[in-house]
Amino acid sequence: MAGRPGPSRRPAAGRALLPAVLLCLCCRAAPERIRYAIPEELGRGSLVGPLARDLGLSPAELPARKLRVASAAKRQLRYFTVSGENGNLYVSERLDREQMCGESPSCAVSFEALVQNPLNVFHVDVAIHDVNDNAPRFLQDSFQLEINELTPPGARFAVGMAEDADVGSNSLQGYELEANEYFAVEVKDSQDGSKFAELVLRRALDREREENLRLVLTALDGGEPPRSGTAQLCINVTDANDNPPVFAHDRYHASLREDAPPGSAVLNVSASDADFGTNAQISYRFGQLPAKVLEKFVLNAESGRLVLQEPLDFEDTRSYTLLLEARDGGGLVAHCKVEVEVLDVNDNAPEITVLSISSPVPEDAPAGTVVALLNVNDADSGENGQVSCELSGEAPLSIVASSGGSYKVVTASALDREQAAEHRVTVVARDGGSPALSSRTALVLEVSDVNDNAPVFEEAAYSAYVAENNAAGAPVLRVRARDADAGANGRVSYWLAGGSAGAAPYVSVEARSGAVYAQRSFDYEQCREFAVAVRAQDGGAPARSSTATVRVFVLDRNDNAPRVLWPAAGAGAGAAAGAGPFEVVPRSAEAGYLVAKVVAVDADAGRNAWLSYELVQAPEPALFRVGLHSGEVRTARAVSERDAAKQRLVAVVKDHGQPALSATATLHVVLAESLQEALPELSERAAGADAPAELQFYLVLALALLSALFLLSVALAVVARVRGAGPPAVLRCLGAQRFSVAGAAFPADFCEGTLPYSYNLCVAPGRAVAEGAWLPPPLPSLPAEELLGGEPCGKPSPSSSAGAGEPPADADAPQVGKPARSRSSPRAFPSRRPLFPGASRGGGAGAALSRVPARERRHARALRLPLDALSHRKVRVAP
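Residues numbered from 1 in each chain as written. Predicted model: local features only at pLDDT ≥ 70, side-chain atom pairs only at ≥ 80, totals over all residues. Heavy atoms only, no water.

Trainee: Looking at this model, I keep getting lost on the overall build of the protein chain. Mind explaining?
Mentor: Of regular secondary structure, the protein chain possesses 15 helices and 53 strands. A fraction of 69% describes how many contacts in the protein chain between residues 6 or more apart in sequence connect residues 24 or more apart. Of the roughly 43,900 Å² of accessible surface on the protein chain, 52% is carried by carbon and sulfur atoms. (Helix = DSSP H or I, 4+ residues; strand = E, 2+ residues; numbered from the N terminus. Contact = heavy atoms within 4.5 Å. Areas by Shrake-Rupley, 256 points an atom, 1.4 Å probe, with all protein chains shown as cover.)

Below, the structure written as structure tokens:
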């Protein structure tokens, strides 16, 4: 009979599968828990249920929602899997309800279904229905019974209990005994619901007639078709022992902590026998028990003491039912049951399973965002299995309890990556035992960057100092802005965002480094400072930016030499050539007499524009001096008669830069009370100036001949100097073209300085300056012939014959205005009228020159003036 259920096992499973599949298809997804029911022994790949459809997910959503299953008990995940294509739940391993749930009347597998985007969890229960796939089985194939022949009918004998791993109607339902005339079998129910067989003696035995009996005992279950198991009963009929042992209690109860060490006493059982002798000797032993129970306990055969042999585990088995026998010497047996309850001890710490974690989390995630899902399970029971969770560590996170031992870790406040790029917290799970046990697991949550910080310059305003005349492309300074964000959000670029008027072409900024470079050479005299705005922008989307002001100060360099405004450079050059302005200094001038003022300017600034004046060349160094800072040329002593009539002064104007730059100014001074008075003296000096020069030439030549071997270079220098010697410098202003037909001239840039003094000067022709640029002269202009000689008929000129300040010798001489003044009074000049009547009447120049006295012609030749200057040249004396 044990071999027949094998061939019919698969059809039975198929018939049981159909209603189970129909049942699971009719299941509807509950909001909180989804339940399915399937039979056991389903093959791999069998459909459990449309999980995605029950969760409300369409096939198009499956790739994005990432449906999967998870459980704290990892061994349960091996039985089921979710299809990524259609979202159906399938069996991934053969289901054996007896292996999964043991003797439990109900069997279910619970796990969580996780979906993402958004993250959510659903609880799924799959009930495993029993299939009659296990036949009843006796613990041993044969049972030995010894029954005294005097045993009265109605006596009962326990022959043990068959095991059937199935439950419900598929479990063990009854026993059948092979047909015989002595015994019958009855089924007895124990308090725990198990069924065991008892042999009932129906008629008295007769050992002499039949000493041994062999019967077949069959155990039947309630499956369709039913399954069965058999055992052989070997009954030996013994002599009379008419009093069986009797236990003090039919049922014993004991409690034992699961942490009790091996060797601990459980209890003592005792039985008594009314017989005498060997029939009254009682021995104890276990009845028919599973092997795992026999491994846990040891029974002393003589004393009946039950001792723990191996450690207990409440989470594995919570109670044990032991069947004990007391057998006397005559073979009579009594039975009792011992129930051992295992008491739970808090010996299991909570187990934390991280189901899912969302990392990194953007720093702008709102408060309450779920970042992790946890499942906490404690194998203990009661208070020992009640678990509480908390977070350890400083982080803006909190933990919230969910259903079914699940917990959510959510953000408690706003995140800031710049303050903390990651958060490390520890999840602490603690049970309610005494002492409490706890477990920990670390969570690391990374915070991803969001562009929430604008670049910040190290300084709100920058200042740079650059010396002028810098090279184009020279670095000016470097601006630097820092962005607290990361990646592209923290990558800063720079550009110019504006500035002061005209400042844009001066500088440029490098986009990556923030280096500011000069676009061209700076000129302090054109631009002394300017400002530009530099913008720093990050690479985020949208981008953030900030602005800083860069102010560039141009430093002055001594790159401009002093410029002489008076006397003008052109005038000085003309004077060197023999035609230029000159100052008239009376010979009566005392020390400190103001001769002229050298006016110069310097375009630089500061020390580079501080000017000092120095007299570097003068025929009489002790006669004149120049103010160091004022530029005023004054007489250092009183003018004497020995001083040359014409003095050529060279002054140098020097600034205080490093290195210093300078310019020179040449000033011609004529020592005379008036120009008419100076002309004869100058001509005599010009005529007599050649004699010393010739004497000096011959002297040098003689010395050179005597010392040719030693002074050859000196002789050559002297020869060069003698050959280049000309008339005295004092007569050069009286040469040809000395007087300008035009009015007195002034440098074109006279507006850059002021000349608060009046001067007497001669101006060469060719300087055509508008008369309106000058103040009107206070004295009338005189013709040249009146300056050189006022009398047409050979009468001596008042200015040449009379002393300075004396009236003219001839009272009939033509005079205009007041008589001639003294030295201390203002000078008066004759009125402007033609010297020769022919010239005024439009006569020819030759006629006019023919009437020039011979004495005047000699003076003109001495002064190297052309004769036509006596009739056509005029001299304008400016104040």
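Trainee: Help me understand the side chain of Glu-198 in this model?
Mentor: Along the chain, Glu-198 turns up in strand S14 (residues 195–201). The buried category is assigned to Glu-198, whose relative accessible area is 14%. Not counting residues within four places of it along the chain, the set of residues in contact with Glu-198 comprises Arg-156, Phe-157, Ala-158, Ala-184, Val-185, Glu-186 and Lys-188. (Buried < 20%, exposed > 50% of the residue type's maximum accessible area, 1.4 Å probe, protein only.)

Trainee: Teacher, can you tell me more about the nonpolar core here?
Mentor: Soluble, globular proteins show a tendency: their nonpolar side chains are buried together. In this structure, Phe-247, Val-269, Phe-297, Leu-306, Leu-322, Val-338 and Val-340 are the most contacted members of the largest nonpolar core, which totals 29 residues. When contributions to this core are tallied by element, the ones reaching two or more residues are strand S18 (251–257), strand S19 (265–268), strand S21 (283–286), strand S22 (297–299), strand S23 (305–308), strand S24 (319–327) and strand S25 (333–343). No other element matches the five residues that S25 contributes to this core. If we skip the residues at most four places from it in the chain, Phe-297 touches Val-266, Phe-286, Leu-306, Val-307, Leu-308, Gln-309, Leu-312, Tyr-320, Leu-322 and Val-340. (Core = buried A, V, L, I, M, F, W, Y, C linked by side-chain atoms within 4.5 Å.)

Trainee: Looking at this structure, I do not really get a nonpolar patch on the surface. What am I missing?
Mentor: Judged by side-chain polarity, Tyr-698, Leu-701 and Leu-705 come together as a nonpolar surface patch covering roughly 340 Å² of accessible area. Mapping Leu-701 onto the fold places it in helix H8 (residues 690–706). (Patch = residues over 30% accessible without salt bridge, like charges linked within 9 Å, V, L, I, M, F, W, Y side chains within 5 Å. Salt bridge = Lys/Arg side-chain N within 4 Å of Asp/Glu carboxyl O.)

Trainee: Whenever I open this one, the environment of Ser-439 confuses me. Can you help?
Mentor: The residue Ser-439 is located in strand S33 (residues 438–448) in this model. C-alpha of Ser-439 to C-alpha of Ala-429: the two residues are 10 residues apart in sequence and 5.4 Å apart in space. The contacts of Ser-439, once residues within four sequence positions are left out, are Pro-350, Glu-351, Ile-352, Val-427, Val-428 and Ala-429. Of note is the side chain of Ser-439, whose polar atom sits 2.5 Å from the backbone oxygen of Pro-350. (Polar contact = N/O pair within 3.5 Å; in protein donor to acceptor, adjacent residues only side chain to side chain.)

Trainee: Where do I start with the pairing of S24 in this structure?
Mentor: In the case of a regular strand, side chains alternate between the two sheet surfaces. Examined bridge by bridge, S21 and S24 share four bridges and lie antiparallel to one another. In the sheet register, Ser-283 faces S24, and the bridge partner there is Arg-327. Relative to S25, S24 is paired through nine bridges, and the arrangement is antiparallel. Considered in S25, the bridge of Tyr-320 is made with Val-340. Counting the residues that bridge the hairpin from S24 to S25 gives five residues, and of these Gly-331 lies at a positive phi of roughly 95 degrees. (Pairing = 2+ DSSP bridges.)

Trainee: Just to check I follow, could you spell out the sheet that holds S19 for this structure?
Mentor: Strand pairing within a sheet occurs via backbone hydrogen bonds; the two strands may be parallel or antiparallel. Read from one edge to the other, the open sheet built from three strands follows the order S19-S23-S22, with strand pairing classed as antiparallel. Of all the strands in the sheet, the pair left with one neighbour each is S19 and S22. Across the sheet, the mean angle separating the axes of adjacent strands is 20 degrees when strand polarity is ignored. Summarising the sheet, S22 and S23 pair through three bridges and their orientation is antiparallel. The residue of S23 that forms the bridge with Leu-299 is Leu-306. (Axes fitted to C-alpha atoms, helices over the stretch in contact; angles between N-to-C directions.)

Trainee: So what exactly am I meant to see when it comes to the side chain of Glu-40 here?
Mentor: Mapped onto the elements of the fold, Glu-40 is located in the loop between strand S1 (33–39) and strand S2 (47–49). Take Glu-40: its relative accessible area is 2%, and that puts it in the buried class. Side-chain polar atoms of Glu-40 contact the backbone nitrogen of Val-131, separated by 2.9 Å. Look past the residues within four positions of Glu-40 in its chain and what remains in contact with it is Leu-95, Asp-96, Arg-97, Glu-98, Ile-128, His-129, Asp-130, Val-131, Asp-133 and Asp-166.

Trainee: Explanation requested: the packing of aromatic side chains in the structure shown.
Mentor: The way to describe two aromatic rings as a pair is by their centre distance and the angle between their planes. Applying the stated rule across the entire model yields 11 aromatic pairs. Here Phe-247 and Tyr-284 contribute two aromatic rings whose centre-to-centre distance is 6.2 Å and whose plane-to-plane angle is 50 degrees, an arrangement assigned as tilted. Here Phe-247 is found in strand S17 (residues 246–247), whereas its partner Tyr-284 is found in strand S21, with 37 residues between them in sequence. Assigned by exposure class, Phe-247 and Tyr-284 land together as buried. (Phe/Tyr/Trp six-rings, centres within 6.5 Å; stacked < 30°, edge-to-face > 60°.)

Trainee: How do you make sense of the pattern of salt bridges when you look at a structure like this?
Mentor: One side chain can pair with another of opposite charge once the charged atoms of both are near each other. Evaluation of the coordinates by the stated rule reveals 21 salt bridges. Where Lys-195 meets Asp-189, a salt bridge forms, and the shortest distance between an N and an O atom there is 3.2 Å. In this structure Asp-189 comes out as exposed when scored by relative accessible area, which is 54%. Note that Glu-458 is salt-bridged to Arg-480, the shortest N-O span being 3.8 Å. Taken together, the residues span a long stretch of sequence, with Glu-458 in the loop between strand S34 (456–457) and strand S35 (461–467) and Arg-480 in the loop between strand S36 (475–478) and strand S37 (481–482) at a distance of 22 residues. A residue is classified by how much of its surface remains accessible, and Glu-458, at 46% relative accessible area, is partly exposed. Here the salt bridges share partners, and the residues they tie into one network are Arg-33, Arg-35 and Asp-125.

Trainee: Would you take a moment to explain unusual backbone geometry for this structure?
Mentor: Excluding glycine, residues mostly have negative phi values, and the peptide bonds linking residues are mostly trans. The step from Asn-117 to Pro-118 runs through a cis peptide bond, and the omega angle for that step is 0 degrees. For Pro-118, the position within the fold is in the loop between strand S6 (108–115) and strand S7 (120–129). A cis amide bond links Trp-566 with the next residue in sequence, Pro-567, at an omega value of -5 degrees. Checked against the element boundaries, Pro-567 lands in the loop between strand S43 (563–566) and helix H6 (569–576). In the Ramachandran plot, Glu-41 falls in the positive-phi region, its phi being about 70 degrees despite a non-glycine side chain. Inspection of the secondary structure puts Glu-41 in the loop between S1 and S2. For Asn-469, which is not glycine, the phi dihedral falls at a positive 65 degrees. Its place among the elements puts Asn-469 in the loop between S35 and S36.

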